[in-house]
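What follows is each chain in one-letter form.
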Amino acid sequence: MRWGTIRKPSVAWRVTPNLVDYDAVCRSFTWDAARTALDGLPGGRGLNIAYEAVDRHVAAGNGDRVAVRWRGRHGAREEWTYAQLSERSDRFAGALRAMSVQAGERVFALLPRIPDLYVAALGTLKARCVFSPLFAAFGPQPIAQRLHIGQGRVLVTTESLYRRKVAGIRESVPDLTHVLISGTWSADPAAAGVQELETLLNAAPTEFEIEPTDPEDPALLHFTSGTTGTPKGAVHVHAAAVMHHHTGRYALDLHLGDVFWCTADPGWVTGTSYGIFAPLLHGITMVVDEGEFDADRWYGIIESERVSVWYTAPTAVRMLMKTGSDVALAHDLTSLRFVASVGEPLNPEGVLWGQEVLGLPIHDNWWQTETGGIMIANFAALDIQPGSMGRPLPGVEATVLLRDAHGRIAVHDGVVEPAPPGEEGELALRPGWPSMFRTYLGDEERYRDCFVGGWYRTGDLVRRGDDGYFWFVGRGDDVIKSAGHLIGPFEVESALMEHPAVAEAGVIGVPDPVAGEAVKAFVSLHRGYQPTDELRLELLGFARSRLGAAVAPKEIAFDPDLPMTKSGKIMRRVLKARELGLPVGDLSTLEETS
Ligand code: AMP
């Protein structure tokens, strides 16, 4: 293997990892046993995520532990203990009840990463309402679309966001009866149902008794963009807490005393499952940074907060790589013990860069909105094959299903055929883990379409090695068929990115009269490189030498402004639409409106 294997332990363990004997833990694992890590509501009244995340630590006498260390955009700092978070989220739940908001109704948040976002999430769950986070950089249209699909009853936001993005769409979302403003609200009599959150919280009781909560009660509504263009609302239930805890333990290796920083915004599923719940379920301290990416700021946070476990994204890793290691070396990053990333393919260079610059390899893991929690991961104690997303979590059964040329999976007598090791197919998961989505809100048919022969289809193309490691190939809908070869755009992009000039690459199939489709690449360049014909030829030759003629791009275009989702994924669909002069579909995750 060209990138070799990173053997563990590469250094003596500072802390013994939670998962050392992978096979033994997988063999003996049951979800019932995983559930015993949580307490359940007192008196056997069910399972509520917010109780497990906050109140049970207070009940156990650990209310004075720091739950959240918050860093404001402009240098402010706050610390929130578990007891403080418990009281304020109790007040939030009480305020919802005082407004007659009922269990099961949807409470949306459109907030920057400020403490009230975390209070709103927890308070909503305590009231047994359904929490739905929106990314604060969304524009009015995606906000309206999601509020409409989710029939949002309550929206928690700021005055500035309300005026810029919500006021103009109020009429299109008639279900929205309450808008709660975090911070000050300069009263506007024309804005019906808008009030200051602080006033409501001050009037609410300091304690709220959580009603019995069935683990199957809906808790979270996460929107994800579909291939057909309309956002889909994936519904998750309170039992998801079992998965958040389980994956926090094994995939993120959380230990008591850790300081954990997940850089994802709670507007995305990672920022909720791991930017709110997993660390709190473990009773540790989590860092929340309101600011945006800035290499010096980020390294400074790791240094000053003594972050021990860091969960970030490949785009961020690449941006840090681009900044240069001298910025990293100016900081003391020795507090780090474990680093992981998710959300898109992590190129082998990223894994190794971590080892060189952070002193730790980056552990790629895989999951998606629908799965609610990490499914496949590189674990602290296990060898890493750079470029592989690792192995399934204990309790997770994953397979690769063979697809035909049209992307269909053959079913014979209700049974589907797994792909042999090394062969490409669609990643599928056996339903049954607790954070599995239960439906797409209002779209049961689309939900049912996700299943075949007893498996959940992820839509991703992967390969599994005979050692059980999974390798990402590409999204099922992006794969390219050229001259009879199935070509994974990720492989082509990865190869191009090995060239020192290339910062980002997006690869699509374009119609070709001979080969069906030809591979075309769009690349953006690192600072200091010019988009010349010489460089184009050099890149074509470079890719061809790495990939072979059948797979290498036939064409390369320079594009300094590659379309990316807000969470940093290249939008090949948009590249393709632009290339073919077609409508680009749902751009809600692309727009940069704030
Ligand atoms: P989302 O639902 O927005 O979290 O996106 C989930 C999708 O992101 C997956 O279906 C994959 O296509 C992609 N993804 C997530 N994690 C990884 C990973 N580690 N490697 C490659 N792709 C990933």
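Calculation criteria
Residues numbered from 1 in each chain as written. Predicted model: local features only at pLDDT ≥ 70, side-chain atom pairs only at ≥ 80, totals over all residues. Heavy atoms only, no water. Buried < 20%, exposed > 50% of the residue type's maximum accessible area, 1.4 Å probe, protein only. Helix = DSSP H or I, 4+ residues; strand = E, 2+ residues; numbered from the N terminus. Pairing = 2+ DSSP bridges. Right-handed = clockwise from strand over helix to strand, strands pointing away. Axes fitted to C-alpha atoms, helices over the stretch in contact; angles between N-to-C directions. Parallel < 35°, antiparallel > 145°, perpendicular 65-115°, else oblique. Left-handed = near helix turned anticlockwise from the far one by under 90°. Contact = heavy atoms within 4.5 Å. Nonpolar A, V, L, I, M, F, W, Y, C, P; charged D, E, K, R; others polar. Polar contact = N/O pair within 3.5 Å; in protein donor to acceptor, adjacent residues only side chain to side chain. Core = buried A, V, L, I, M, F, W, Y, C linked by side-chain atoms within 4.5 Å. Near = heavy atom within 4 Å. Salt bridge = Lys/Arg side-chain N within 4 Å of Asp/Glu carboxyl O.

Caption draft 1: Region of the structure containing the pairing of strand 10 (residues 259-262). Covered by surrounding structure in strand 10 are Val259 and Trp261 together with Phe260 and Cys262, the residues of both alternating faces. Bridge count for strand 10 against strand 11 (residues 285-289) is three bridges, and the pairing is parallel. From the neighbouring strand, Val259 faces strand 11, where its bridge partner is Thr285. The parallel pair strand 10 and strand 11 is bridged by helix 10 (residues 269-281), and the resulting crossover is right-handed. Inspection of the sheet shows strand 10 paired to strand 12 (residues 309-312) by three bridges, in the parallel sense. Considered in strand 12, the bridge of Cys262 is made with Tyr311.

Caption draft 2: Quick look at the packing of helix 16 (residues 489-497) against helix 17 (residues 533-547). For the pair helix 16 and helix 17, interaxial distance at closest approach is 9 Å and the crossing angle is 120°. With respect to helix 17, the element helix 16 is oriented oblique. Helix 16 and helix 17 meet at a crossing whose hand is right-handed. On helix 17, the residues touching Glu491, Val492, Ala495 and Leu496 of helix 16 are Leu539, Phe542, Ala543, Arg546 and Leu547. In the contact of helix 16 with helix 17, the residues fall into seven nonpolar, no polar and two charged.

Caption draft 3: Focus on the side chain of His57. Note that His57 resides in helix 3 (residues 49-59). At 3.3 Å, the side chain of His57 forms a polar contact with the backbone oxygen of Ala53. Contacts of His57, omitting those with residues within four sequence positions, involve Glu52, Asn62, Gly63, Tyr82, Leu280, Leu281, His282 and Gly283.

Caption draft 4: Focus on helix 16. Of all nine residues that make up helix 16, eight are buried, and the element is covered over most of its length. Every buried residue belonging to helix 16 is among Pro489, Phe490, Val492, Glu493, Ser494, Ala495, Leu496 and Met497, and all of these are buried.

Caption draft 5: Quick peek at the nonpolar core. Phe92, Leu280 and Tyr311 are the most contacted members of the largest nonpolar core, which has 106 residues in total. Residues Val259, Ile302, Ala328 and Val357 belong to the second largest nonpolar core, which totals 28 residues.

Caption draft 6: Structural context of unusual backbone geometry. Geometrically, the link from Lys8 to Pro9 is a cis peptide bond, its omega value of -10° lying close to zero. Here Pro9 is to be found in the segment before helix 1 (22-28). Even without a glycine there, the phi angle at Ser100 is positive, about 65°. In this fold, Ser100 is placed in the loop between helix 4 (82-98) and strand 3 (106-110).

Caption draft 7: Structural detail: the site of the ligand. Among the 14 residues in the neighbourhood of the ligand, the closest are listed as Asp364, Asn365, Gln368, Thr369 and Asp460. In the environment of the ligand, an oxygen atom lies 2.6 Å from a nitrogen or oxygen atom belonging to the side chain of Thr369. Between the ligand and the protein, one listed contact pairs an oxygen atom with a side-chain N or O atom of Asp460 at 2.9 Å. Breaking the shell around the ligand down by element, the ones donating at least two residues are strand 14 (362-366) and strand 24 (470-475). A total of three residues in the shell around the ligand trace back to one element, the largest contributor, which is strand 14. Tallied by class, residues from the shell around the ligand come to five nonpolar, four polar and five charged.

Caption draft 8: Just the pattern of salt bridges, in detail. A complete count under the given rule lists 41 salt bridges for this structure. The closest approach of N and O atoms between Asp289 and Arg297, which form a salt bridge, is 2.5 Å. Owing to a relative accessible area of 5%, Asp289 belongs among the buried residues under this scheme. Of the residues examined, Arg297 reaches a relative accessible area of 22% and is grouped as partly exposed. Between Asp404 and Arg408 there is a salt bridge; the shortest N-O distance is 3.0 Å. Beyond isolated ion pairs, a larger network of salt bridges with shared partners links Arg69, Arg71, Arg77, Glu79 and Glu305.

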